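Chain by chain, the residues:
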Amino acid sequence: MKRYKTVKSTITGEDKFEWEEIDAGYGSDSSTEEATNRVGKIPAYWYDDLPHIGYDIDGKKVMRPATGDELDKFLEGVEDADGGWTTVKDKLHQQNIALTEEELDLIHRLAKNENPDSNYDPYAPQIEFFTNQVMTMPLTGKPEPKRRFLPSKWEHKKVMKIVRAIRAGRIVPRKPGASAAASKPQFFALWSQTDEASAPHPMHMPAPKMALPSHSESYNPPEEYLWTQEEKDEFAERENEDKKGRFIPKKHASLRHVAAYPEFVQERFDRCLDLYLAPRMLRRRPKLDIQDPSELIPKLPSPKDLRPFPILTTVEYPHPNGVRTRCVSIDPTGMWVLTGAEDGEVRLWECTVGRCAMKWKCGDGGPIYGVEWCPDKERSLFAVATASKVHLIAPLALLDEATATRTSQFALAGFTSAATDDAGVVKKHEQPQDVRWSKPKGAENRDEGRLLEIDVPGTLKQITWHKRGDYFATVASDAGNRSVLIHQLTKHQTQAPFKKQKGDVQRVAFHPSRPHFFVATQRYIRMYDLMAQQLVKTLNPGLKWISSLDVHPLGDNLIVGSYDKRLVWHDLDLSSGPYKTLRYHTRALRSVAFSPVFPLFLSTSDDGSIHVFHSTVYSDLLTNPLIVPLKVLKGHQITGDLGVLDAKWHPKEPWVVSVGADGNGRLWCT
């Protein structure tokens, strides 16, 4: 079946193929037909349950053509001369189309991996377009390019690179008549490797050499190098790391009297471990641009972009006769400020006005060591720490009747409640020695709101509440194993969680969300799990004397202040060492505190200043916290070498209330 014929070309006179004209009929070739169904290339099964198969160009439904059952298909195959296998189904129009003989022949050839053209001759004679006969005129008359007559500039660059290396001495050409390889000298150091080529690695460092033997390692050392009996006894008692040398020098008459060295194998083994396991890396100093020192300063955001934060004093809380004020606290509502002074009086101030609303005389006239509001907003009471007693007081005269009733019942419920076990049997709780819960006597004390008094051993230094407001802890460094006590207000019970103390306890703190308890001694901070009753982690801030600490509201970070003028930030998810150490104060730090609602924290010092910092803690564990110094607040006077003694953040606003040795309290606002 030929679709072409061979004819003579009128131009070249050679044979050529002339193909037949193909008339595009309306058989199987539908390329010239207008498609009735215009739904596009979508799955045909979408219309299986519908009576139509798509839509035409006018948006009208194209109805599904009638199709027979399996019996009709069988009969069509029997009646068809080719057996019914020469038809294919058009899924777009749901019709069967018969294939032509040319299309069938093309399919057969493709299935046999043959050329689709039946008349193609793979062994046809080659047509020589270019003959071996020299022509009179060339094929092209293009002139030669100029680059063929000029030297290559790239070759010139390569040659000049080699020339510069020779001039600089990096490439030393061999002298005429010299041998190919320089021979070694007749005498050379047997154990030296200076003449050997170094390793090609750019960070190669030779192994450190061993120390040469000294006079004491001689078999016949001088008399002054021999040890006395006391030195020999001291050498035998000490550990290997603390010994004076590796062995005891001995004097021998001759070299053949020297016995075998017993530690030879061990020292060779340790030397091999040092060479194999000890990493060595060449550290290069970075090349700094001294002309621009600003690049050495870390890029921090501007304080203007981190507002709000406190910047000025708006309210003062003056104490009579300038008495030294040691501690301050703000109630959970932010309305009242509580201060404790050395004259033994606790004063209650209206926060935004500065009016002294109430005051109480606590203890025997000694100083007030700590005041702390209960964090429970449903009840309004606070704890006061004097020399050896904890006072629980509520300003009942300033409270409404419902709040006053709830507060009184909450504080006094322990006198009527009893602790029971799982079987309902009443358990008798044994209080630690010298601990006693009592109710103040007299109507005058009850009218002032004095609810409870707790006698504790030692001199109190700190009092802190748990977040839920039922438990609070006290610290008395001189009380031995009872220096840390945890009190439960609803049951009037006290516990001493530690039988032995490692060092004098300075500060304690509760974790805001976990049953963890932080205990800070002079140099270390230990985190305990109160539920499991075990030590979780020991932090080493590297400070000489810890003065204060506070836990971030999220519970993953901790700040620590010290008397050696440093503030340390600890990330509890990292190592036991500090993440960052800040040195901004010129004197001892007295207190540090995180803001409960804003990314801020502060530190107070005896230099009379308060430093405010921005601190963003990211939820991404791979991102380090962002710490930015914001403001230095100055207003307190230094009295008796003491400055700002305590400061607390407002529970709702970016405000700070501070007290100092000058006898004044200040409210710092934005």
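We now turn to the structure provided with this report. Residue numbers restart at each chain and count upward from 1, following the sequence in its written direction. In view of the model being predicted, local features appear only for residues whose pLDDT reaches at least 70, and side-chain atom pairs are presented and counted only at 80 or more, with totals across whole chains, interfaces and linings using the full set of residues. Side-chain numbers come from the whole structure's heavy atoms, not from hydrogens or water.

**Observations concerning the overall build of the chain**
Moving on, step 1. Secondary structure elements are defined from DSSP: runs of H or I of at least 4 residues count as helices, runs of E of at least 2 residues count as strands, and each element is numbered from the N terminus. Counting secondary structure elements, the chain contains seven helices and 35 strands.
Moving on, step 2. Across the 670 residues that make up the chain, the buried fraction comes to 33%.
Moving on, step 3. Between two residues, a contact is recorded if the distance between any of their heavy atoms is within 4.5 Å. Across the chain, contacts joining residues at least 24 apart in sequence account for 48% of those joining residues at least 6 apart.
Moving on, step 4. Here the Shrake-Rupley method, with its probe set to 1.4 Å, supplies the accessible areas, and only the displayed protein chains count as covering residues. Of the roughly 45400 Å² of accessible surface on the chain, 53% is carried by carbon and sulfur atoms. Each residue's exposure class comes from its accessible area (1.4 Å probe, protein chains only) as a fraction of the maximum for that residue type: buried when under 20%, exposed when over 50%, partly exposed otherwise.

**What to know about the nonpolar core**
Moving on, step 1. Think of a nonpolar core as a cluster: buried Ala, Val, Leu, Ile, Met, Phe, Trp, Tyr and Cys residues, connected wherever their side-chain atoms sit within 4.5 Å. Ranked by size, the top nonpolar core spans 23 residues in total, and within it Leu 381, Val 390, Ile 454, Trp 465 and Leu 489 carry the most contacts.
Moving on, step 2. Breaking this core down by element, the ones donating at least two residues are strand E13 (382-385), strand E14 (389-393), helix H6 (401-412), strand E16 (450-455) and strand E17 (462-465).
Moving on, step 3. Here the element with the most residues in this core is E16; it accounts for three residues.
Moving on, step 4. Ignoring any residue separated from it by four or fewer positions in sequence, one finds Val 390 in contact with Ala 383, Val 384, Leu 452, Glu 453, Ile 454, Leu 460, Ile 463, Phe 472 and Thr 474.
Moving on, step 5. Counting 15 residues, the second-largest nonpolar core is a separate cluster that includes Leu 600, Ile 610, Val 644 and Trp 649.

**As for H6**
Moving on, step 1. End to end, H6 covers 16 Å across twelve residues, agreeing with the expected 16 Å (1.5 Å per residue, within 8%).
Moving on, step 2. The complete set of buried residues in H6 reads Thr 403, Ala 404, Thr 407, Ser 408, Phe 410 and Ala 411. Seen from one end, H6 has its buried residues packed into an arc of 165 degrees, which puts them on one side. Exposed residues pointing more than 90 degrees away from the buried face of H6 are listed as Glu 401 and Gln 409.
Moving on, step 3. The secondary structure elements touched by the buried residues of H6 are E16.
Moving on, step 4. A 3.5 Å cut-off defines polar contacts: any pair of N or O atoms within that distance qualifies, except that in protein one atom must be a possible hydrogen donor and the other a possible acceptor, and neighbouring residues in sequence count only when both atoms are side-chain atoms. For H6, the N-terminal cap is Asp 400; the gap from its side-chain oxygen to the backbone nitrogen of Ala 402 is 3.2 Å. In a helix, the anticipated span is given by 1.5 Å times the number of residues less one. The reported arc concerns the directions from the helix axis to the C-beta atoms and nothing else.

**A word on the packing of aromatic side chains**
Moving on, step 1. Here the aromatic set is Phe, Tyr and Trp, taking the six-membered ring for Trp, and pairing holds for ring centres within 6.5 Å; pairs whose planes are under 30 degrees apart are stacked, those over 60 apart are edge-to-face, and all others are tilted. Within this structure, the stated rule accounts for 14 aromatic pairs.
Moving on, step 2. Between the aromatic rings of Phe 498 and Tyr 528, the centroid separation amounts to 4.8 Å while the plane-to-plane angle is 55 degrees, which identifies the pairing as tilted. Residue Phe 498 is located in the loop between strand E20 (493-495) and strand E21 (507-510), and its partner Tyr 528 is located in strand E23 (residues 525-529); the two are separated by 30 residues in the primary sequence.
Moving on, step 3. Classification of Tyr 528 by relative accessible area gives buried; the value is 19%.
Moving on, step 4. Pairing Trp 545 with Tyr 563 gives two aromatic rings, centres 6.3 Å apart and planes at 70 degrees, and the pair type is edge-to-face. Note that Trp 545 is positioned in the loop between strand E24 (534-539) and strand E25 (546-551) and Tyr 563 in the loop between strand E26 (557-562) and strand E27 (567-571), a separation of 18 residues in sequence.
Moving on, step 5. Through successive ring pairs, a cluster of aromatic residues spans Trp 569, Tyr 584, Phe 594, Phe 601 and Phe 613.
Moving on, step 6. If you follow Lys 243 out to its NZ or CZ, it ends over the ring of Phe 235, 4.5 Å from the centre.
Moving on, step 7. Note on criteria: charge over ring means Lys NZ or Arg CZ within 6 Å of the ring centre, with the direction from the centre no more than 35 degrees off the ring normal. In this arrangement the basic side chain of Arg 379 is found over the ring face of Phe 410, its NZ or CZ atom lying 4.3 Å from the centre.

**Considerations on the sheet that holds strand E34 (residues 656-660)**
Moving on, step 1. Here, a strand pair is defined by DSSP locating no fewer than two bridges between the strands. Strand order in the open sheet made by the four strands is E7-E35-E34-E33, with antiparallel pairing throughout. Either end of the sheet is taken by a strand with one partner, and the two such strands are strand E7 (312-318) and strand E33 (644-649). Mean inter-strand twist for the sheet, computed between neighbouring axes without regard to direction, equals 20 degrees. For helices, the axis comes from a line fit to the C-alpha atoms of the stretch in contact; other axes are also lines fit to C-alpha atoms, and the angle between any two N-to-C directions lies between 0 and 180 degrees.

**Here we look at the side chain of Asn 557**
Moving on, step 1. Position of Asn 557 among the secondary structure elements: in strand E26.
Moving on, step 2. For Asn 557, the side chain forms a polar contact with the side chain of Trp 569, separated by 3.0 Å.
Moving on, step 3. Excluding its chain neighbours within four sequence positions, the residues that come into contact with Asn 557 are Val 551, His 552, Trp 569, His 570, Asp 571, Leu 572, Val 617 and Pro 625.

**Concerning the state of the cysteines**
Moving on, step 1. Pairs of cysteine sulfur atoms within 2.5 Å are what we label disulfides. In total, this model carries zero disulfides according to the counting rule given.
Moving on, step 2. Cys 669 takes part in no disulfide bond, and the closest cysteine sulfur to it belongs to Cys 351, at a distance of 7.3 Å.
Moving on, step 3. Overall, Cys 669 belongs to the buried group, its relative accessible area being 10%.

**So, the pattern of salt bridges**
Moving on, step 1. Salt bridge, as used here: a side-chain nitrogen of Lys or Arg that lies within 4 Å of a carboxyl oxygen of Asp or Glu. Taken as a whole and assessed by the stated rule, the structure comprises 24 salt bridges.
Moving on, step 2. Of the charged contacts, one joins Asp 434 and Arg 482 as a salt bridge, the two residues approaching to 3.2 Å between their closest N and O atoms. Of this pair, Asp 434 sits in the loop between H6 and strand E15 (436-438) while Arg 482 sits in the loop between strand E18 (471-475) and strand E19 (484-488); the two residues are 48 residues apart in sequence, bridging distant segments of the chain.
Moving on, step 3. Two residues, Glu 448 and Arg 450, come together in a salt bridge whose shortest N-O distance is 2.9 Å.
Moving on, step 4. Classification of Glu 448 as partly exposed rests on a relative accessible area of 24%.
Moving on, step 5. A network of salt bridges, in which partner residues are shared, links Lys 389, Arg 436, Glu 453 and Asp 455.

**Brief notes about a nonpolar patch on the surface**
Moving on, step 1. Only residues whose relative accessible area exceeds 30% and that take part in no salt bridge are eligible for patches, with like-charged residues grouped when within 9 Å of each other and nonpolar side chains (Val, Leu, Ile, Met, Phe, Trp, Tyr) grouped when within 5 Å. Taken together, the side chains of Leu 71, Phe 74, Leu 75 and Val 78 present a nonpolar region at the surface, about 410 Å² in accessible area.
Moving on, step 2. Turning to its location among the elements, Leu 71 is positioned in helix H1 (residues 70-79).

**Observations concerning unusual backbone geometry**
Moving on, step 1. Backbone torsion omega between Arg 307 and Pro 308 reads 10 degrees, so that peptide bond is classified as cis.
Moving on, step 2. Turning to its location among the elements, Pro 308 is positioned in the loop between helix H5 (264-277) and E7.
Moving on, step 3. The backbone of Asn 321 shows a phi angle near 60 degrees, a positive value even though the residue is not glycine.
Moving on, step 4. Mapped onto the secondary structure, Asn 321 falls in the loop between E7 and strand E8 (325-330).
Moving on, step 5. At Asp 434, a residue that is not glycine, the phi angle is positive and equals roughly 70 degrees.

**Observations regarding the environment of Leu 92**
Moving on, step 1. Structurally, the position occupied by Leu 92 is in the loop between strand E5 (87-90) and strand E6 (95-98).
Moving on, step 2. Look at Leu 92 and you get partly exposed, because its relative accessible area is 30%.
Moving on, step 3. Spatially, the C-alpha atom of Leu 92 lies 7.8 Å from that of Ile 53, the residues being 39 residues apart in sequence.

**Comments concerning the sheet that holds E15**
Moving on, step 1. Pairing in this open sheet of five strands is antiparallel, and the strands run E12-E13-E14-E16-E15 from one edge to the other. The open sheet is flanked by strand E12 (370-373) and E15, the only strands paired with a single partner. Strand-to-strand, the axes of this sheet are offset by a mean angle of 15 degrees, without reference to chain direction.
Moving on, step 2. Bridging between E12 and E13 involves four bridges; their strand directions are antiparallel. By the bridge assignment for E13, Trp 373 is matched with Phe 382.

**Quick look at the pairing of strand E35 (residues 664-669)**
Moving on, step 1. Burial analysis of E35 places five of its six residues in the buried class, the great majority of the element.
Moving on, step 2. In this structure, E7 lies alongside E35, joined through six bridges in antiparallel fashion. Residue pairing in the sheet places Pro 318 in a bridge with Asn 664 of E35.
Moving on, step 3. The pairing of E34 with E35 spans four bridges and is classified as antiparallel. Bridge pairing links Val 659 to Gly 665 in E35.
Moving on, step 4. Linkage of E34 to E35, two consecutive antiparallel strands, is achieved through a turn of three residues, within which Gly 663 is found at a positive phi near 85 degrees.

**Observations regarding the side chain of Asp 607**
Moving on, step 1. One can find Asp 607 in the loop between strand E30 (600-605) and strand E31 (609-616).
Moving on, step 2. Here the positive residues are Lys and Arg and the negative ones are Asp and Glu; neither His nor the chain ends is included. With no salt bridge to any partner, buried Asp 607 finds its closest opposite charge in Arg 587, at an N-O distance of 7.2 Å.
Moving on, step 3. Here the side chain of Asp 607 touches Ser 605 through a polar contact of 3.3 Å, side chain to side chain.
Moving on, step 4. A distance of 2.8 Å separates polar atoms of two side chains, one belonging to Asp 607 and the other to Ser 609.

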